[in-house]
6 protein chains.
Amino acid sequence: MMMNKSTMTFIGCEEEFDDAKLVLFGAPFDGTTSFRPGTRFAPTVIRNESYGLETYSPYQDRDLEDSKVFDAGDLELTFGNPKRVLDTIEAFTRKIVEAKKLPVMIGGEHLLSYSPIKVLSETYEDLHIIQLDAHTDLRDDYAGEKLSHATVMKRAWEFVGDGRIYQFGIRSGLKEEFKWAETHTQLNKFTLEGLKEAVASLKGKPVYITIDLDVLDPSVFPGTGTPEPGGITFHDLQDAILMFRDLNVVGADVVELSPHYDQTGKSTAVACKTLRELMLAITK
Amino acid sequence: MMMNKSTMTFIGCEEEFDDAKLVLFGAPFDGTTSFRPGTRFAPTVIRNESYGLETYSPYQDRDLEDSKVFDAGDLELTFGNPKRVLDTIEAFTRKIVEAKKLPVMIGGEHLLSYSPIKVLSETYEDLHIIQLDAHTDLRDDYAGEKLSHATVMKRAWEFVGDGRIYQFGIRSGLKEEFKWAETHTQLNKFTLEGLKEAVASLKGKPVYITIDLDVLDPSVFPGTGTPEPGGITFHDLQDAILMFRDLNVVGADVVELSPHYDQTGKSTAVACKTLRELMLAITK
Amino acid sequence: MMMNKSTMTFIGCEEEFDDAKLVLFGAPFDGTTSFRPGTRFAPTVIRNESYGLETYSPYQDRDLEDSKVFDAGDLELTFGNPKRVLDTIEAFTRKIVEAKKLPVMIGGEHLLSYSPIKVLSETYEDLHIIQLDAHTDLRDDYAGEKLSHATVMKRAWEFVGDGRIYQFGIRSGLKEEFKWAETHTQLNKFTLEGLKEAVASLKGKPVYITIDLDVLDPSVFPGTGTPEPGGITFHDLQDAILMFRDLNVVGADVVELSPHYDQTGKSTAVACKTLRELMLAITK
Amino acid sequence: MMMNKSTMTFIGCEEEFDDAKLVLFGAPFDGTTSFRPGTRFAPTVIRNESYGLETYSPYQDRDLEDSKVFDAGDLELTFGNPKRVLDTIEAFTRKIVEAKKLPVMIGGEHLLSYSPIKVLSETYEDLHIIQLDAHTDLRDDYAGEKLSHATVMKRAWEFVGDGRIYQFGIRSGLKEEFKWAETHTQLNKFTLEGLKEAVASLKGKPVYITIDLDVLDPSVFPGTGTPEPGGITFHDLQDAILMFRDLNVVGADVVELSPHYDQTGKSTAVACKTLRELMLAITK
Amino acid sequence: MMMNKSTMTFIGCEEEFDDAKLVLFGAPFDGTTSFRPGTRFAPTVIRNESYGLETYSPYQDRDLEDSKVFDAGDLELTFGNPKRVLDTIEAFTRKIVEAKKLPVMIGGEHLLSYSPIKVLSETYEDLHIIQLDAHTDLRDDYAGEKLSHATVMKRAWEFVGDGRIYQFGIRSGLKEEFKWAETHTQLNKFTLEGLKEAVASLKGKPVYITIDLDVLDPSVFPGTGTPEPGGITFHDLQDAILMFRDLNVVGADVVELSPHYDQTGKSTAVACKTLRELMLAITK
Amino acid sequence: MMMNKSTMTFIGCEEEFDDAKLVLFGAPFDGTTSFRPGTRFAPTVIRNESYGLETYSPYQDRDLEDSKVFDAGDLELTFGNPKRVLDTIEAFTRKIVEAKKLPVMIGGEHLLSYSPIKVLSETYEDLHIIQLDAHTDLRDDYAGEKLSHATVMKRAWEFVGDGRIYQFGIRSGLKEEFKWAETHTQLNKFTLEGLKEAVASLKGKPVYITIDLDVLDPSVFPGTGTPEPGGITFHDLQDAILMFRDLNVVGADVVELSPHYDQTGKSTAVACKTLRELMLAITK
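Residues numbered from 1 in each chain as written. Chains lettered and ligands numbered in written order. Predicted model: local features only at pLDDT ≥ 70, side-chain atom pairs only at ≥ 80, totals over all residues. Heavy atoms only, no water.

## What about the packing of aromatic side chains?
What characterises a pair of aromatic rings is the spacing of the ring centres plus the angle enclosed by the ring planes. All chains considered together, the criterion is met by 42 aromatic pairs over all chains. Relative to Phe 178 of chain B, the ring of Tyr 56 of chain A has its centre 5.7 Å away and its plane inclined at 50 degrees; by these criteria the two rings are tilted. You can see Tyr 56 of chain A sitting in strand 2 (residues 56-57) and its partner Phe 178 of chain B sitting in helix 5 (residues 175-184), one on each of two chains. For Tyr 56 of chain A, a relative accessible area of 5% corresponds to the buried category. (Phe/Tyr/Trp six-rings, centres within 6.5 Å; stacked < 30°, edge-to-face > 60°. Helix = DSSP H or I, 4+ residues; strand = E, 2+ residues; numbered from the N terminus. Buried < 20%, exposed > 50% of the residue type's maximum accessible area, 1.4 Å probe, protein only.)

So this is what it looks like as structure tokens:
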């Protein structure tokens, strides 16, 4: 007689690695979070709660099972040393990219986007980035630290250069960050206005998409470290994802769900649906 | 000297049975709920929290006390046998209908709509149904069970037949369910678009209204078993209810509040106000 | 060697009293609250959580540090005697007004607006009031008590007279209150429609602004004593505050955050941002 | 046809008034609570949750239905005027006592014990009091107020005089209160040690029992306004109640459950069981 | 290149099936729960949170990895039909027993013990049962249903007969149940007193152990459907488990954790440690 | 006119620095916490909630105001670099020690004890340590990191050497840690047994006391990162503190309260009372 161990994946992501188009993985780390921590718990909670969803999307009229996703589970990341954590993610992402598969990371905190962006900027010379976020994340350092959730897009800029980062939904930051962005990034305040044009102009180019879920209004998504009122609706985000079907997306992440501040579970439901729709959109 | 026992009713629903136009009752059962249970607690919590509301509606410029509502309290329903539960509700609804009063049920889970729809479809040959819901609820069985929250509208269809069920706000289900709906129900995806036309076409006909509160976006109504992002706003729902004043409503229910996932109490407040507005609208 | 005691202020409000334009203070009292209490905890929680905000507003392109705010901490208010509480607030507000500074109060319950309105109506003969609120608050007494959260605008009317109170977002009250308002206040139901015109007509006049945060929809702001569905969005409120820059505001308050019903912290984040934007707008 | 309105009582307390030995009533008021409010919600929550209990006590081998309890529901008490509240409770208690029935009050805050003690001290010249409590409650005034949760036993002393109040479990208060108690009350620190002797010495005398549930350790009973570590266990309390069977108890109360700080429901379960055992013990 | 899917087990339970001595499985069902549901979530939460434990027990000076446990994950159980659920568990337990391995079930509700007890009573003619529980669970039916959490030990008695069920910690039930137990089971009220003697008398006999975690006091274990004050401590339970090392245990279960009523996580921590210690004790 | 900014201190700790005997400070850092983070929030929450306590201790018959405590507020510590955090605490502690005052730190995570122990081991050649804790904290590294909550007592041992660390209440760790402790520390499993003797033997020697609050049973103290069932009671802890009055305590800390897992507030109340009693005991 034979019994197999139980596996745990995001709903509908049961492809074997070799046959997969897309590799999903969790990065449970929040060690530089300065306000409310806990995004370390997101990947596990997202997998568990994904079973409240169907695999079929009536928006895209497609089923996640057709997207051929391998769910690699979570990386083992320890606390106390962000640099080592980024190295681990970098090595893992590189394996996925070398196997010609799409990496999609579930955070964890926003700093972690550093690693897939680093790997993909080395793979694709003209990598562009679309960032949906409440915060600029453009500080040069945060209280002396170069590697921080508050500096990650500055670090990303060092990889990809001027004019390559498209920021949407931004509604918080230092005056200096907004000023700096004027000449270095494409920063769009408050809403997703301008995204349609950006998508049109990026057609064919390799694009990395980073969705900091705090871009959503806290009424929609309270379960995050730094809720910032005045954000976009779920409909706005869903519309954005449908637009991404026109892009050549080479990697993506969904970060900053902090489940212990999501007592009702609605933020987690939003994260799950965002992930389903995003994976469908970029594998169409 | 004399003292009376304390009674507990929904605010403003203190009519005696014989004088009542509308009979409100609670059905505290959630035994087939597959994800997060707890709608069994809704009727009690709704009654307690209704005292945060006024009886007067500035929307309809009417007072609930004028609607002559008898609140019958909760049915006694036991767990472990859905069929028996449905029979109990059926018998109770039949009494109300035979007394020429409007039955309004507070769920409990959506399966329970089965019973009032059964009774009313027997009473009114051309009964039509308006369903506001996030989910299709059109499976033929759910893991082998014919009586389930996920199959209830398929069962209702067996009572009323093709083209009689108007579905709005639907955003989750199996591909097969959406396909089946194309030829059997009037399914409107995502929003309430088309409701105005539906109401116009149903004028004069007997209509049953079933409001699964998860039709609302989880930002508005997180306290439910399966929160499904991308739903309608409270304003949308309120507008719909105002439209219902033009219909010949012969019964209604409001289901799927799960209070233990409503830590802030806002979902309960929404359920209470929905119930007040609905009872006012259908007794105008 | 020397160490100073730690001070606790709202973020960016570190001016000394003598140099301040605006004096912020907390009034931790909720003794007449009839439904869910707890607004007494708001001032402390607001100060603590304000550190999740930046001091810079990209909406107004100004920094709170430029508004020269002195945060006076909380008044000591005891329970069991509302009259004494109002007297304490009155005396304190009078000091601020006599020092030619703008008083801004963090509630606490809405009754507390009584005191600053009393002081300012004595200072400015033609004081006008803009009230953003879900509730009329126009009862003459509440179960026999003249001083209550449910009567405060009736009391305010006794200070300022007919046509001087502009009410917006109102969606709950007794029929009599709505009726009475027709000839005594400028009551606008449900939304902020008409605010632009009101602001235009009030230009130059001394205006007191009282923001009962329950004017917001509970999806945005569940953390309050009496959540009333059907409210305005944060964008609506933010737009209103930007309009206030055109007014001669002589005092303001932000009341009715009840933090223990704000498990996720999002209501507190909304209160903090509202306060930042309001203080920036009225000191421009 | 006929239907009766639904009544809501504590489990097993369904006697009619005229046949009752004991009258249970709720006093939902917490207007002088200085720390965490919310005991106003206790009576309703206790009734609802009592259905998690059986009516039969294996400790006393008796059934609550044999105790012949009439549950009178809650008194209507408004906020903002403690004196009026106490008058209402006094009048109601007087009716019960005049009908030769035992009054048992569910608080609400501890101040409310003032009223039944006043009535009973007028009825029974040599009334004695047993107080189980974490706090002395012996201040003469609290920030100027004579009627406060912190002064209630000082007021009770004014009714019954020196040596008549037996205090147990006391572990918090001002130095002056402990000092004053040395010559005026029988104060036992920290535990219930000495209760057995007290009960023996009180045999035959009329005794009022006031149980401030915060006498329990917060591990057992966190759901209260001022949790004070170092309290007694549930076994201790249960043993005390069994001793009360030897007394001539003429009235009692159970106060200071604050349900919104009882997220798990265990404090409410403790309050319910305490109430069941107490009512059984004093009607044996 | 090759990547394996992520597996999810209880900490230290990573043996393959063929090499295992003990098979752990989850039974996520709570369909007959009459009060607070949610034990369906226990197996997943227990696995996730077990990582807060070490695999090494300083109590038994042994490591769980030495117990050779295969964690089979959760059975797929649907709602609405308790009979079918019990059949599924029965079939699965039979496979484990036929493979000569020890079955250990994580509930779910207490009714589920029915199935392993049925299988083992067929395998071992003189099966005895040790039940740690707050409730008798000896009703013959519950509101007409024979299969219920409230009847499970009556059903078990039908399998094993008089004098074979040893009940400890019992403190709630109907008078009739306690009466019936006098001649049919070994019922010990309130505590674990008598367990030592019971264990001595059962030496060598096949024993099934069912731990309804509500035997613990709600101060220790609030996260359960029906918290019953007056229970045992964790030390008591731990001592009992150490005694079980002297028995020939042929199967066991740990039931009735309801994680959504365990906001702090302490009940889950207790369940995890109980499970670790129990598995160590019965595989020594 | 003049107004002072509001200061925020632990109750009764309002001495000026120069006159103080004891300096209390907060260290809000939890960056190496591997399970549930959030001890960063403890110092602020402890100060706010300390107002639920009295300053007078009936246990020690002394008032905290007599202990002459200066509350220095919180250190500014950033995330992402534990080494820098420890340096900041070290520098601050050194100032306190050089000013001949007693340092008492509110954590934060247990790693932070590293810094005061380092400073005091340099000041007092024969420094001894009493550690109350659920966990050994004796790993040499944790996933490669030398500075971790799980290694802190190993680091402390490097400062003070063999036989100088007295560990009590320990009930979790690796087998190797328990083994290592046999020859290097005085490890007492599960309880405080042996503390009386330890205190007697340490009379006159300089002692540092570190209280990891998870030494308490989770029934008493659930609000911590890694709740470990089977711990001591509050009475045990209180007795221990009273014993400390016989020691020459040269520094102390109270760590590992994680307020966001303390929904009821009882853990915070325990932390506050522990701190009050400890400060009284070591300044007698």
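So that's the structure; there's more coming.
## Things to note about the interface of chain F and chain A
Taken together, the contact pairs 22 residues of chain F with 22 residues of chain A. Glu 145 of chain A serves as the salt-bridge partner of Arg 84 of chain F, at 2.8 Å between the closest nitrogen and oxygen. At the junction of chain F with chain A, the criterion picks out 12 residue pairs in polar contact (both at pLDDT 80 or more). In terms of residue class, the side of chain F that touches chain A is made up of seven nonpolar, 10 polar and five charged. (Contact = heavy atoms within 4.5 Å. Salt bridge = Lys/Arg side-chain N within 4 Å of Asp/Glu carboxyl O. Polar contact = N/O pair within 3.5 Å; in protein donor to acceptor, adjacent residues only side chain to side chain. Nonpolar A, V, L, I, M, F, W, Y, C, P; charged D, E, K, R; others polar.)

## A few points about the pattern of salt bridges
When their charged atoms lie close together, side chains carrying opposite charge are able to pair. One pass over the full model with this rule turns up 112 salt bridges over all chains. Notably, a salt bridge pairs Asp 140 of chain A with Arg 155 of chain A, separated by 3.0 Å at the nearest N-O pair. A residue pair is termed long-range when its members are at least 10 positions apart, and Asp 140 of chain A in the loop between strand 6 (128-132) and helix 4 (152-160) and Arg 155 of chain A in helix 4 qualify at 15 residues. Arg 155 of chain A gets classed as buried once you look at its relative accessible area, which sits at 4%. Salt-bridge contacts for Lys 83 of chain E lead to Asp 87 of chain E; the nearest nitrogen and oxygen are separated by 3.0 Å.

## Focus: the arrangement of the chains
No part of chain C reaches chain E; the closest C-alpha pair between them is 12 Å apart. With respect to C-alpha atoms, chain B approaches chain F no nearer than 12 Å, and the pair has no contact.

## Here's the deal with the pairing of strand 8 (residues 186-189) of chain B
Bridge analysis of strand 7 (residues 165-170) of chain B against strand 8 of chain B gives four bridges, and the strand direction is parallel. Across the sheet, residue Tyr 166 of chain B finds its bridge partner in strand 8 of chain B, namely Gln 186 of chain B. (Pairing = 2+ DSSP bridges.)

## Description of the UniProt feature "binding site: Mn(2+)" (unreviewed entry) in chain A
Residues and elements named next belong to chain A. UniProt tags His 110, Asp 133, His 135, Asp 137, Asp 212 and Asp 214 as "binding site: Mn(2+)" (unreviewed entry). Maximum C-alpha separation among the annotated residues is 12.2 Å over a sequence range of 105 residues, consistent with a single clustered spot. With respect to the secondary-structure elements, Asp 137 resides in the loop between strand 6 and helix 4. In this view, Asp 137 contacts His 110, Gln 131, His 149, Ala 150, Thr 151, Val 152, Met 153, Lys 154, Glu 177 and Asp 212; residues no more than four positions away in its chain are not counted. Engagement of the side chain of Asp 137 in a polar contact is seen with the side chain of His 110, the distance being 2.9 Å. Along the chain, Asp 214 falls in the loop between strand 9 (206-212) and helix 7 (234-243). Ignoring any residue separated from it by four or fewer positions in sequence, one finds Asp 214 in contact with Asp 133, Ala 134, His 135, Arg 171, Thr 224 and Thr 226. (UniProt positions renumbered as here; feature names shortened; annotations may be inferred.)

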